Amino acid sequence: MDQNSEEQNLTPNKNTAQERLDALTAASADVTYSLSADWKIMHPLDGRGFLLDANQPITNWKEKNVFLGDLKIVDEAIASAIKNKKMFELEHRVNRADGTIGWTYSRAVPILDKSGNIKEWYGIAKDISKRKEAEIALTESRKAIEDQQQIYETIISGTPDLMYVFDLNYRFTYANKALLNMWGKTWDNAIGKRLLDNGYEPWHAEMHEKEIDQVVATRKPIRGEVSFPHATLGKRIYDYIFTPVMGNDGKVIAVAGTTRDITEINNIKLKLQETSEELQTTNEELRSTVEEMAATNEELIASNEQLIRLNDQLLEARKKIEDTEIALRLAIEGADFGTWYINSVTREFITDGRLKELFGFYPDEELTIEQAIAQISEEYREMVSQKLENAIYNNGEYDVTYPVEGLHDGKLRWLRAIGNLKADSSGAFSAFTGVVMDVTEQKTDELRKNDFIAMVSHELKTPLTSLKGYIQIVLRKLLTMGDDSAIGALEKAFAQTVKMTGMINGFLTVSRLESGKISIEPTEFDLALLIREAEQETHTTINTHKVIFDPVNSTIINADHDKIGQVVHNLISNAVKYAPSNSTIRISCTNDESTAYVAIADDGIGISAPDLSKIFDRFYRVQDSKMSTVSGFGIGLYLCKEIIDRHGGKIWAQSEQGKGSIFSFSLPMNS
Ligand code: ADP
């Protein structure tokens, strides 16, 4: 074989080996390196971004790559590998390509020649910086935890409080030094044992075991006090807390406890009490000395006596009030009234059992104003709550009757509520108190009567309408025939039917009102225009009296236009009815910031004081000889009052017998 052919044979093999190595190097994520037999020269290196690249063989690879602080262990490992011709293997720090310090796991194998001498080394250097960092962090945090535990252990063993942990089988899994001392036991012969085994009396052990059960079940801490004899200190009092220890799943895995000896604190408390009692006695002695001194002063005695007399009077007055109160309470109880109290500021609503019962609630149940109002039948609800608010905040009158459906019993009851507003002495708030009574029977009776009136009125309307029609037909015929006396008679008959229609309509309105069928439909309008409409109507229908309308400014209100019109109409009609012909009737409309006022003044017969308080009642008419000629049913003013009340307004009359009357009403503006 010539040299050439040997070359030819060798070259491909050599190339293949190099190629394989290069391929392996390229495929590996790690840094691959090769070194001379003595590790002095490192061949060209691809640092993979981890270590610095080297384009040609270098001798200063150690300075470049190995972290100075680890140089010694690297050298030792190299020496040992060379000496034993064994694999080099070491985790050490390196200078990374980016200048920071990292960790590598480096492994190199020796390539031996035929005679067994090292030719060179091939190795890989793996980047293990991340794992190493994690390991270091873990070690550090373990150490921190151990330190922390050491601190806790020091605290727990140093505290005079008893600290301990039970497992769910009531066994102690931990007891601090103070507790072991108290038991007179060591850790080994106390831990893993139950209360009974650690010398607790049966009642005591049972009590704590029950408490452990409770903490486990409720997952809430409990606190208690117990007294029992201590090994060396005698009888002691202990305050203890058991707390649940939760596992990751939120279940209780153990119960931790702390017990504090409060015997001393208790003793101090008792002593303090004694001291304060002593102080009190001293105080009393002092006071009697002062009294003795005062007794020597004549003037003081005299004024004192006066004071005492005054006090006696006060006491007597108070007793009278109390007696009245007792009588009142007895009356309320006897009459089976429900009572309530509302604080105007906090709207606190205090009611008695009977009131709750009337609203169908249980006597011990909570009841708020809103809940009570919710039980009121729908047609009445708005009206009642308006009256209530008006009573609480404007001192409006409160006497309302309304149907209620009991919450639990579903029973329909008619209730009459009467209330009274009283400011407290400081003026900070008002108390709105009153009674509620069950008027169901009376009311159903009334409603029946009402239905009857409605039915009769309705039935009367139809024949009356046809009667009116016939009269008009005949009247028209007679007019063409010119029979004056017959015309006169028929005109009177017609006027009577018109009057009758008005009365029947009045009754129908009352019955609708009573059964809650009339509702207020508010719109925004100018009261001045309404008064002007009344003025026009008055001038065409009334020629018996001088009706004067004072000038009115524009007054915008939110109210039921037709119903307010009806009120004005009724009041003017009454003035005409109850004042002599040719007298003056004066209508005025004024307002302040929040309220509009309308007044109708006449020079009529007037009203006596006792009647004045009743004229707004339903069916009330003054019994007077002058009145006998005036027809009416006593429902006009009642209607007016209902309408104004439902607007949150007020209506009133000022009058004296023989001196005319002024009827006024007010309406809230901008509401
Ligand atoms: P009616 O006029 O139909 O009797 P009202 O309810 O309108 O019923 O009035 C009730 C009572 O009040 C009247 O019966 C009358 O005695 C008295 N009254 C009403 N308006 C006046 C008035 N302007 N002057 C004097 N008395 C009046």
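For the protein chain, the name recorded in an unreviewed UniProt entry is histidine kinase, with Pedobacter boryungensis as its organism.

## Concerning unusual backbone geometry
Its identity is not glycine, yet Arg 347 carries a phi of approximately 60°, on the positive side. Note that Arg 347 resides in the loop between strand S10 (338-343) and strand S11 (349-351). Unusually for a residue other than glycine, Phe 619 sits at a positive phi of about 65°. Structurally, Phe 619 is set in the loop between helix H17 (609-612) and helix H18 (636-646). Overall, the relative accessible area of 36% leaves Phe 619 in the partly exposed class.

## Remarks on the sheet that holds strand S14 (residues 430-438)
In space, the 5 strands of this open sheet follow the order S11-S10-S14-S13-S12, with antiparallel pairing throughout. In this open sheet, the two strands that pair with only one neighbour each are S11 and strand S12 (398-405). For this sheet the average axis-to-axis angle between neighbouring strands, irrespective of direction, equals 25°. Across the face of the sheet, helix H12 (residues 378-394) comes into contact with S10, S12, strand S13 (412-423) and S14 while running at roughly 145° to S12. Sitting on the sheet, helix H13 (residues 440-481) touches S12, S13 and S14, and the angle it makes with S13 is about 115°.

## A few points about the site of the ligand
In the vicinity of the ligand there are 19 residues, among which Asn 574, Tyr 578, Asp 602, Arg 621 and Leu 637 approach most closely. Here Asn 574 contributes a side-chain N or O atom positioned 2.9 Å from an oxygen atom of the ligand. Between the ligand and the protein, one listed contact pairs an oxygen atom with a backbone N or O atom of Leu 637 at 2.8 Å. In isolation the ligand offers 520 Å² of accessible surface; the protein chains occlude 97% of this area. Listing elements by their share of the shell around the ligand, those giving two or more residues are helix H16 (561-577), H18 and strand S21 (661-668).

## Describing the packing of helix H15 (residues 527-541) against H16
It is at 10 Å that the axes of H15 and H16 come closest, and there the two elements cross at 45°. Viewed along their axes, H15 and H16 adopt a mutual orientation that is oblique. Considering the relative orientation of H15 and H16, their crossing is right-handed. Mapping the contact onto sequence places Leu 527, Leu 530, Glu 533, Ala 534, Glu 537 and Thr 538 in H15 and His 561, Ile 564, Gly 565, Val 568, His 569 and Ile 572 in H16.

## Considering the side chain of Thr 595
Take Thr 595: it is sitting in strand S19 (residues 595-602). Polar contacts involving the side chain of Thr 595 include one to the side chain of Ser 594, which spans 3.2 Å. Once residues lying within four places of it in the same chain are set aside, the contact partners of Thr 595 are Thr 590, Ser 666, Leu 667 and Met 669.

## Some remarks on the packing of aromatic side chains
Aromatic ring pairs are described here by two measures, namely the spacing of the ring centres and the angle between the planes. Summed over the entire model, instances satisfying the criterion amount to 17 aromatic pairs. Judged by centre distance (6.3 Å) and plane angle (80°), the ring pair of Trp 183 and Tyr 200 falls under edge-to-face. Residue Trp 183 is located in helix H5 (residues 177-183), and its partner Tyr 200 is located in the loop between helix H6 (187-190) and helix H7 (202-218); the two are separated by 17 residues in the primary sequence. Among the residues examined, Trp 183 registers a relative accessible area of 14% and is labelled buried. Chaining the aromatic ring pairs together yields one cluster made of Tyr 164, Phe 166, Phe 172, Trp 183, Tyr 200, Tyr 240 and Phe 242. A cation over a ring is seen here: Lys 132 above Trp 103, with NZ or CZ 4.6 Å from the ring centre.

Here is what the cut-offs are and how they apply
- Residues numbered from 1 in each chain as written.
- Predicted model: local features only at pLDDT ≥ 70, side-chain atom pairs only at ≥ 80, totals over all residues.
- Heavy atoms only, no water.
- Helix = DSSP H or I, 4+ residues; strand = E, 2+ residues; numbered from the N terminus.
- Buried < 20%, exposed > 50% of the residue type's maximum accessible area, 1.4 Å probe, protein only.
- Pairing = 2+ DSSP bridges.
- Axes fitted to C-alpha atoms, helices over the stretch in contact; angles between N-to-C directions.
- Contact = heavy atoms within 4.5 Å.
- Near = heavy atom within 4 Å.
- Polar contact = N/O pair within 3.5 Å; in protein donor to acceptor, adjacent residues only side chain to side chain.
- Areas by Shrake-Rupley, 256 points an atom, 1.4 Å probe, with all protein chains shown as cover.
- Parallel < 35°, antiparallel > 145°, perpendicular 65-115°, else oblique.
- Left-handed = near helix turned anticlockwise from the far one by under 90°.
- Phe/Tyr/Trp six-rings, centres within 6.5 Å; stacked < 30°, edge-to-face > 60°.
- Lys NZ or Arg CZ within 6 Å of the ring centre and 35° of its normal.

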